[in-house]
Amino acid sequence: MPPDFISNLYVFILAGFVGFEVIKRVSPLLHTPLMSLTNALDAIVVVAAIIIAGRHETRLTTILGAIAVAASFSNMVGGFVITDRMLRMFKSGRSKQS
Amino acid sequence: MTELALQQYLDFAYIVAVVLFILSLKLLSSPASARWGVLAGEIGAALAVIATLFNPELVQYKWIIISLVIGAGVGVPLGMVHMTAVPQRTALSHAFGAMSAAIIGIAEYYVGTRQVTRFEMGEISLEVIIGSLTFTGSLIAAGKLQEVLPQRPIVYRGQNIVSLSILAGALGLAVALVVNPANTILFPIMVLVALIFGVMLVTPIGGADMPTVISLLNSYAGFSAALLGFVLNSKVLVVAGALDGSSGFILSVIMCKAMNRSFTNVMFGAFGQVQASSAGVKEERVVRSATPEETASILAAANKVVVVPGYGMAVAQAQHKVRELYDLLTKKGIDVRFAIHPVAGRMPGHMNVLLAEADIPYDRLVEMDEINGDFPQTDVALIIGANDVTNPAARTDQSSPIFGMPILDVDKAHTVMVIKRSMNPGFAGIDNPLYYLNQTLMLFGDAKQFVGSIVKELGGH
C-alpha cells in the first residue's frame, strides 16, 4: 500500500468521526438545510476539477474537467444560496414578536 | 516565491478551509447560529477555490473561467427554487456532485493510463463506480420527486437478482482492470454498467421511501468525493467527502429507524417491496365525517391542539392556510403545536422547512419523541395529509406491513380530525384503523380548501 493511502485513511477516519459527532448534534429541525449545506461543502471537488481543466493535458481531460467545474461549482453556489434562504425562514416565537 | 513555498501556502489555505467546513456544520446545531455556519462554509469554499487558481500546475485559464461562470449561472437559479421543490433540487444536486466526482476520476484515468498502478486502478474504479451509480440513481430520484417519472415503485419478478448481477458485472470489470490496468477498453464499459445499475437501484423505490433514498444517495455522493480525494491525494476532498458521507449516513440511519427498517434492508435495495397490498377482510365500518363549520367550533372550544402535517400538506400547498389557522387559534389563547414525524414528507426535515416558510415559529415544531407523551392531554389532533405515520396498526397489528414503525400516537387525543381527499388507502395501500375510531372525524376535501374554510368560519366569529 502506498504511504499516501495510509495518511489519507487516517484523515478519512478522523474526519468521519468528527463529522459523526458534529452532525449528530444538528437539530432534526434543520435536517433539510443540513443536507443542502453538506452538498455545498462536498462541491469542493471543484478544486480538483479546476486542476484537471487547467492542466490542459489532452483535449478529452480538459473537456471533462470543464464539465466537472461547471457541475460542482453550480452545486457550491446553489447549495449555499438555498441553505441561507431556508435558514432565514426559521424564526423563533420570541424573535417574531420583537 | 519558489514553487515549493507556494505549494505550502496552498496547503495551508486548504487546512483553513477544512477547519471552516467543520465549524460550519457545528454552527448548524442551533437555528440561532445556523446562518453563521453558512458564512463559515462560504468563506472556506471561496478560500479553497481561490487558492486553487494559484496552483502552479495550471497552464490555461480559459476553460476554468468559462465553466465557473456557467456553474454560477446554473447554480443561482437552482438555489432560488421554490421551497416545495427542495426535495427534487436536493436529488439533482446529489446527481451533479456525484457526476463531477465520477468525471474527475475518469479524466484522471485517461491522464494517467501509462503509469497507473494496480492499487490506483482499484481506487479509481471504485470511485468511478460509486460516482456513476449515484449520478443516475439521483437523476431517477429527482425525476420521481418532480413527478416526471411515476412515483409508485416499478417492480418486476427477479428484480433483485438482475440488479445485483449488474452490480456484480461492474465490480467484475473493476477487478479485471486491476489485474490489467492497460486493458483500456474495459473502463468505459465499467462506467456504463455502473450508470445502468444506478437506474436499477432507484426505479423500484416508491415516493414514501424517498427520505431514506435521498439520504443514502447523499452519503454515496459524499463517499465518492472522499474516494476521489484518495485517488488525487487531496486531503481537503477526503475531509469534505467524509463529512458529507457521514452526514448522509446518519440521516439514513435516522430515516431507517423512523420506518423500522434495518440498514441492510435499505443497503441492498429491497425496499419498496414491503408494500404487499393487504387486501384484508372488508367489513363495513362506520366513518364519521364533519363539515368545516363543525370543525371550526370544535377547534375553537379546544385548549390544546396538535397539528400533524404530512406529504399531503406539501402537495396541496396548504402550509400558508395552516399558518392562518395557527394565528387565529393562537389569538384565541389555544395552544397549537406541530408534531413532526422524521419521515413525514419526501426528505429529512421537509415539513420543518415548509412550515418555517409559512412563518410558523420553529419552537412550535415538536419532534415525535417529545410530543408523543402529550397526546393524552391533547384536545384535538388535526392530521393534514399524513397517513402511515399516524397508523395505530403499527403498534398493535402484527400482520401489518408497517408493524413496529414508530408512529405519532394521535389516537390518544380526545378528538382526532383527519383531512383527507377520500377513504382510499394511502400511498402504501395500507388501511388505517385510526379512521374508524369513535373519536375520529374525517374531514373530506382538499387540504388547502378545507383549512381555508375552517379559517373563514373562525374568522367570522
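The numbering scheme is per chain: residues are counted from 1 as the chain's sequence reads. Just so you know, chain letters begin at A and ligand numbers begin at 1, following the order they were written in. Given that the model is predicted, a residue must reach a pLDDT of at least 70 before its local features are reported, and side-chain atom pairs must reach 80 or more before they are shown or counted; all residues, however, enter totals for whole chains, interfaces and linings.

A. Expanded view of the overall build of chain B. Under the DSSP-based scheme used, a helix requires at least four consecutive residues in state H or I and a strand at least two consecutive residues in state E, with every element numbered from the N terminus. Helix and strand counts for chain B come out as 17 helices and six strands. Along the first, second and third principal axes, the C-alpha set of chain B runs to 80 × 50 × 35 Å. Buried residues in chain B amount to 53% of all 461 residues. Pairs at least 24 apart in sequence give 79% of the contacts found in chain B among residues at least 6 apart. Partly exposed residues are those falling between the two cut-offs: more than 12 but fewer than 20 other C-beta atoms within 10 Å of their own, whereas 20 or more means buried and 12 or fewer means exposed, with C-beta atoms placed from the backbone. Once C-beta atoms are placed from the backbone, any two residues with those atoms within 7 Å are in contact.

B. Spotlight on the overall build of chain A. From N to C terminus, chain A includes five helices and zero strands. Put simply, chain A runs from its N terminus to its C terminus through helices and strands in the order α-α-α-α-α. Over its C-alpha atoms chain A spans a radius of gyration of 19 Å, topping by over 25% the 13 Å that the globule rule assigns to 98 residues. The contacts of chain A with a sequence gap of at least 6 include a subset with a gap of at least 24, amounting to 60%. The quantity called the radius of gyration is restricted to C-alpha atoms. Its globule counterpart is 2.2 Å times the number of residues to the power 0.38.

C. Seen up close, the sheet that holds strand 6 (residues 440–444) of chain B. All names here are of chain B. Being paired, for any two strands, means DSSP has found at least two bridges between them. With parallel pairing, the six strands of this open sheet are ordered in space as 3-2-1-4-5-6. Among the strands making up the open sheet, the edge pair consists of strand 3 (365–367) and strand 6. Sheet twist, expressed as the average angle between the axes of neighbouring strands with direction ignored, equals 25°. Judged from the five bridges that link them, strand 1 (residues 304–309) and strand 4 (residues 380–384) form a sheet pairing that is parallel. Bridging across to strand 4, V305 finds its partner in V380. Only the stretch in contact is used when fitting a helix axis, every axis being a line fitted to C-alpha atoms; angles between N-to-C directions are given from 0 to 180 degrees.

D. Layout of the pairing of strand 5 (residues 415–420) of chain B. All names here are of chain B. Counting buried residues in strand 5 gives five out of six residues, a clear majority hidden from the surface. Pairing of strand 4 with strand 5 involves five bridges; the strand directions are parallel. Its bridge partner being in strand 5, I383 is matched across the sheet by V418. Relative to strand 6, strand 5 runs parallel, the two sharing five bridges. Across the sheet, the residue bridging to K420 is F444, located in strand 6.

E. Spatial organisation of the interface of chain A and chain B. Chain A puts 82 residues into the contact, and the matching count from chain B is 97 residues. Broken down by secondary-structure element, the contributors of at least two residues to the side of chain A that touches chain B are helix 1 (3–24), helix 2 (31–42), helix 3 (46–55), helix 4 (59–89) and helix 5 (93–97) of chain A. Residue contributions to the side of chain A that touches chain B peak at 28 residues, all from helix 4 of chain A. For the side of chain A that touches chain B, a count of residues per class yields 49 nonpolar, 23 polar and ten charged. Throughout, the ten residues Ala, Val, Leu, Ile, Met, Phe, Trp, Tyr, Cys and Pro are labelled nonpolar, Asp, Glu, Lys and Arg are labelled charged, and all others, Gly among them, are labelled polar.

F. Structural detail: the domain arrangement of chain B. Residues and elements named next belong to chain B. By domain assignment, chain B separates into domain 1 (1–59), domain 2 (82–267) and domain 3 (292–460). All the domain ranges listed were derived from an automatic or database domain assignment. Inter-centroid distance (C-alpha atoms) of domain 1 to domain 2 is 26 Å. With six residues of domain 1 at the contact, the number on the domain 2 side is five residues. With five residues, the single largest contributor to the side of domain 1 that touches domain 2 is helix 1 (residues 3–27). Taken together, the residues that form the side of domain 1 that touches domain 2 break down as six nonpolar, no polar and no charged.

G. Representation of the packing of helix 2 of chain A against helix 4 of chain A within the structure. Residues and elements named next belong to chain A. The interhelical angle for the contact between helix 2 and helix 4, taken along N-to-C directions, is 155°, at an axis separation of 7 Å. Of the possible angle classes, the one that applies to helix 2 and helix 4 is roughly antiparallel. Of the two elements, helix 2 crosses helix 4, and the hand of that crossing is left-handed. Where helix 2 approaches helix 4, its residues T32, P33, S36, L37, N39 and A40 are matched on the opposing element by N75, M76, G79, F80, I82, T83, M86 and L87. Of the residues belonging to the contact of helix 2 with helix 4, the class tally is eight nonpolar, six polar and no charged. Angle categories: roughly parallel below 35 degrees, roughly antiparallel above 145, roughly perpendicular from 65 to 115, and oblique for all the rest. The crossing is said to be left-handed when, going from far helix to near helix, the turn is anticlockwise and less than a right angle, and right-handed when the turn is clockwise.

H. Region of the structure containing the packing of helix 1 of chain B against helix 9 (residues 235–258) of chain B. Residue and element names in this part refer to chain B. Look at helix 1 against helix 9: their axes get within 9 Å of each other, and the N-to-C directions meet at 10°. Taken together, the axes of helix 1 and helix 9 lie roughly parallel to each other. Across the interface between the two elements, Y14, A17, V18, F21 and L25 from helix 1 touch K235, V236, V239, A240 and L243 from helix 9. Residues belonging to the contact of helix 1 with helix 9 are distributed by class as follows: nine nonpolar, no polar and one charged.

I. A look at the environment of V81(A). In this fold, V81(A) is placed in helix 4. Using a count of 21 C-beta atoms within 10 Å as the deciding quantity, one classes V81(A) as buried. Residues V81(A) and P3(A), 78 residues apart in the sequence, show an inter-C-alpha distance of 39 Å. In contact with V81(A), not counting residues within four places along its chain, are V76(B), G79(B) and M80(B).

J. Quick look at unusual backbone geometry. All names here are of chain B. A positive phi angle is found at E147, which is not glycine, with a value near 65°. Along the chain, E147 falls in the loop between helix 5 (118–145) and helix 6 (159–179). If you check the backbone angles, N233 has positive phi at about 55° while not being a glycine. Assignment of secondary structure puts N233 in the loop between helix 8 (210–232) and helix 9.

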